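Remarks on the overall topology
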Amino acid sequence: MKILHYLHGLPPVRNGGLVKYALDLAQGEYESGNDVQLLVPGSFRRQYKGKTEIRSGMWEQLPCHYIVNPLPVTEGRRIEHIEFLLERECFEVFFIFLKKISPDLIHIHSFMGIGCSFLEAAKKLEIPVVFTTHDYYGLCPKVNLFRKGKNCARTDWQECALCMGAAVPLKKIIWRHSGVYRTLKANRFFQWLEYSPRLLPYKIYVKSMLKKRKNVEGSMQEQSRNATEASGCQVDVYEPLREYYLRMYKSITCFHFNSKQSRRIFESYLGKVRGEVIPITNRTIKDNRRIYEYDGKLKIGYLGGGQPFKGYQYMKEALDSMYRSGMTEFECHIYFNDQDLNCPYLRRHEPYQGREMETVFRNMDVLVMPSLWRESFGMVVLEALSYGVPVVISSYVGAKELLEDNPGMGIIIDPDENRDCLREEIERIYHDRCVLERMNRNIYEWEYKWSFSEHITKMTDLYHNEIEKNGRVYL
């Protein structure tokens, strides 16, 4: 079977769960005897006015095709000219490319960097297309359906312009597509500059100066937004983009939902669509469970970023409150540069690689994932359970379904119902480590069903069904 995976970029420029899953899945399918190829956005030539073309190379063992002059990969940020996300006519380029490599099936992991003409070319050639619901880009230009500290339920995009924040210059996005930027991201010296604790105070100072400048600009933008809202005018600048992505979604043959939650959310926007729920995993997640002893300081692990929708500030407020009230025998391990240099319980680390997962999870008693947005899955929950580590997660995390189906392996909190529930649950663990011992024992006795090879089989079975429904013959 010949499979083409499209994703919005490659390491070291693009990272995270989406990229790791897509590359692990492609590699696993290749090792299972399939002909697997990649398609990703490449660099820009002649700024944004050059003709789109496709150049071929290799990514490790896999043939990789790069779209020269792709659509901008916004990563959920506002850009100066929204019309640049509405594709120039590229149907012939993609039609010739797809006809040449002739895949049996296309698996798309993101709409970032690619447009309608790619899907129209696939439809013309009768190639089935599977789409994995890693996030909500296409339903929400910010990716996360999160607005003003709450989950957004609007489907008309009328307030998107009031929500997106300051625009990122197109030149900056083009720079992040460049080979020079990719080289710098891979350079160990520049990685050290980005995460060095010695440089952190200086970076915080520079960011504070920039923030003051942005606050002035932001207050002017806020006044403009308030005036727009007060006038009753509908901000419909995003309406053409909404219609564009709806066209793309209608071209998907089958949706691969990574949780029941992501299915509910997508169908609330798109109506009933054909698809299957298959929870995701990756090749570094294996059964490493063991029984732990819990003594000494409570070690809390947090593996998200510092963005509000990740719930980091919500967690930190809970931990600050505990510390101020005299509960000081704990530490919180984070894997990004928090700007609070005087926080006594924080332990900062550089972002970890897959080979370092064991060290990361052996260094925590409990994983806290306090997401305030509706995570489509949440791979770190499965990673923690695979090492026998109990979890405290919000009800917004798609991976909560693991705990609902197997009670006793962790705690699900509901921040909407009780804002103090996170602090209360961490306090309970702090005072009674038997709670952790029971959860750890339950995880250890859990019937583990998360073999990556089994996941590859489920996905290729899904592919086979789609190919057969489409009347194609594969080898």
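For the structure, see preceding data.
Treat the numbers as computed from the prediction; the structure is a model and nothing was measured.

**Thoughts on the overall build of the chain**
Helix and strand content of the chain: 16 helices and 16 strands. When the 475 residues of the chain are sorted by exposure, 52% land in the buried category. Residue pairs at least 24 apart in sequence account for 71% of intrachain contacts in the chain once pairs closer than 6 positions are excluded.

**Some thoughts on empty space enclosed by the protein**
Summed over all chains, the structure comprises four cavities of 30 Å³ or more. If you add up the space inside the largest cavity, you get close to 170 Å³. In this structure, the largest cavity is lined by 17 residues; those nearest its centre are Cys140, Pro141, Arg147, Cys152 and Cys160. Of the residues belonging to the lining of the largest cavity, the class tally is 11 nonpolar, one polar and five charged. Estimates place the volume of the second largest cavity at around 70 Å³. As for the second largest cavity, its lining consists of Thr74, Arg77, Arg78, Ile79, Ile82, Leu85, Tyr137, Pro141, Met164, Tyr238, Leu241 and Tyr245.

**A short note on the pairing of strand β5 (residues 105-108)**
The alternating pattern of β5 places Leu105 and His107 and Ile106 and Ile108 on opposite faces, both of which are buried. In terms of strand pairing, strand β1 (residues 2-6) meets β5 through four bridges, oriented parallel. Across the sheet, the residue bridging to His5 is His107, located in β5. Here β5 pairs with strand β6 (residues 129-132) via three bridges, running parallel. Within β6, the position partnered with His107 by the bridge is Val130. Read as a crossover between parallel neighbours, the route from β5 over helix α3 (residues 116-124) to β6 is right-handed.

**Some points on the packing of aromatic side chains**
Throughout the structure, instances matching the rule amount to 32 aromatic pairs. Both rings, one in Trp446 and one in Tyr448, keep their centres 5.5 Å apart while their planes meet at 75°; by these two values the pair is edge-to-face.

**Concerning unusual backbone geometry**
Looking along the chain, the bond that leaves Pro11 and enters Pro12 is cis, with omega of 5°. For Pro12, the position within the fold is in the loop between β1 and α1 (17-31). Phi is positive for Trp157, which is not a glycine, with a value near 65°. Mapping Trp157 onto the fold places it in the loop between β8 (150-151) and α4 (170-176). Residue classification places Trp157 among the buried positions, given a relative accessible area of 3%.

**Points about the sheet that holds strand β13 (residues 346-348)**
Reading across from one edge, β13-β12-β11-β14-β15-β16 is the order of the six strands in this open sheet, with parallel pairing throughout. Of all strands in the sheet, those bounded by a partner on one side alone are β13 and β16 (410-413). When strand polarity is set aside, the average angle formed by the axes of neighbouring strands in this sheet is 25°. Strands β14 (366-369) and β15 (391-394) of the sheet are contacted by helix α12 (residues 379-386), whose axis makes an angle of about 170° with β14.

**Let's talk about the pattern of salt bridges**
In the structure shown here, the tally under the stated rule is 23 salt bridges. Between Glu53 and Arg55 there is a salt bridge, and its shortest N-O distance comes to 3.1 Å. Note on Glu53: relative accessible area 33%, which makes it partly exposed. With a relative accessible area of 38%, Arg55 lands in the partly exposed category. Of the charged contacts, one joins Arg147 and Glu159 as a salt bridge, the two residues approaching to 2.8 Å between their closest N and O atoms. Note that Arg147 is positioned in strand β7 (residues 146-147) and Glu159 in the loop between β8 and α4, a separation of 12 residues in sequence. Taking relative accessible area as the criterion, Arg147 reaches 18% and is therefore assigned buried. By relative accessible area, which is 23% here, Glu159 ends up partly exposed. One salt-bridge network, held together by shared partners, links Arg14, Glu75, Arg77 and Arg176.

**Considerations on helix α2 (residues 91-101)**
All of the buried residues along α2 are Phe94, Phe97, Leu98 and Ile101. Buried residues of α2 fall within an arc of 95° about the axis and therefore sit on the same side. Seen from the buried face of α2, the exposed residues on the opposite side, beyond 90 degrees, are Glu92, Lys99 and Lys100. The elements touched by buried residues of α2 are β1, β2 (35-41), β3 (53-59), β4 (62-68), β5 and α3.

Calculation notes
- Position labels on residues start from 1 in each chain and follow its written sequence.
- Only residues with pLDDT of at least 70 are given local features in this predicted model, and only at 80 or more are side-chain atom pairs given and counted; all residues enter the totals for whole chains, interfaces and linings.
- Heavy atoms from the whole structure form the basis of all side-chain values; hydrogens and water molecules are not counted.
- By the criteria applied, helices consist of DSSP H or I runs no shorter than four residues and strands consist of E runs no shorter than two, each listed in order from the N terminus.
- For every residue, the accessible area obtained with a 1.4 Å probe (protein chains only) is divided by the maximum for its type, and the residue is called buried under 20%, exposed over 50%, and partly exposed between those limits.
- We call two residues contacting when some pair of their heavy atoms lies within 4.5 Å.
- Within this scheme a cavity is a closed region of a 1 Å grid, computed over the protein atoms alone, that accommodates a 1.4 Å probe without allowing it to escape, whereas a pocket is open but has protein on both sides within 12 Å along at least five of seven lines; lining residues each have an atom within 4 Å of a point.
- Grid points are joined across faces, edges and corners, and a volume is the space filled by probe spheres set on the points.
- Residues were grouped as follows: Ala, Val, Leu, Ile, Met, Phe, Trp, Tyr, Cys and Pro as nonpolar; Asp, Glu, Lys and Arg as charged; and all remaining residues, including Gly, as polar.
- Strand pairing follows a simple DSSP-based rule, namely that at least 2 bridges must link the two strands.
- The path from the first strand over the helix to the second decides the hand: if it runs clockwise while the strands point away from the viewer, the crossover is right-handed.
- Pairing of aromatic rings covers Phe, Tyr and the six-membered ring of Trp, with a centre-to-centre limit of 6.5 Å; geometry is then stacked below 30 degrees between planes, edge-to-face above 60, and tilted otherwise.
- Only the contacting stretch of a helix is used when fitting its axis, a line to C-alpha atoms as for every element, and angles between N-to-C directions run 0 to 180 degrees.
- Just to be clear on terms, a salt bridge is a Lys or Arg side-chain nitrogen sitting within 4 Å of an Asp or Glu carboxyl oxygen.
- The directions considered for the arc are those from the helix axis to the C-beta atoms.

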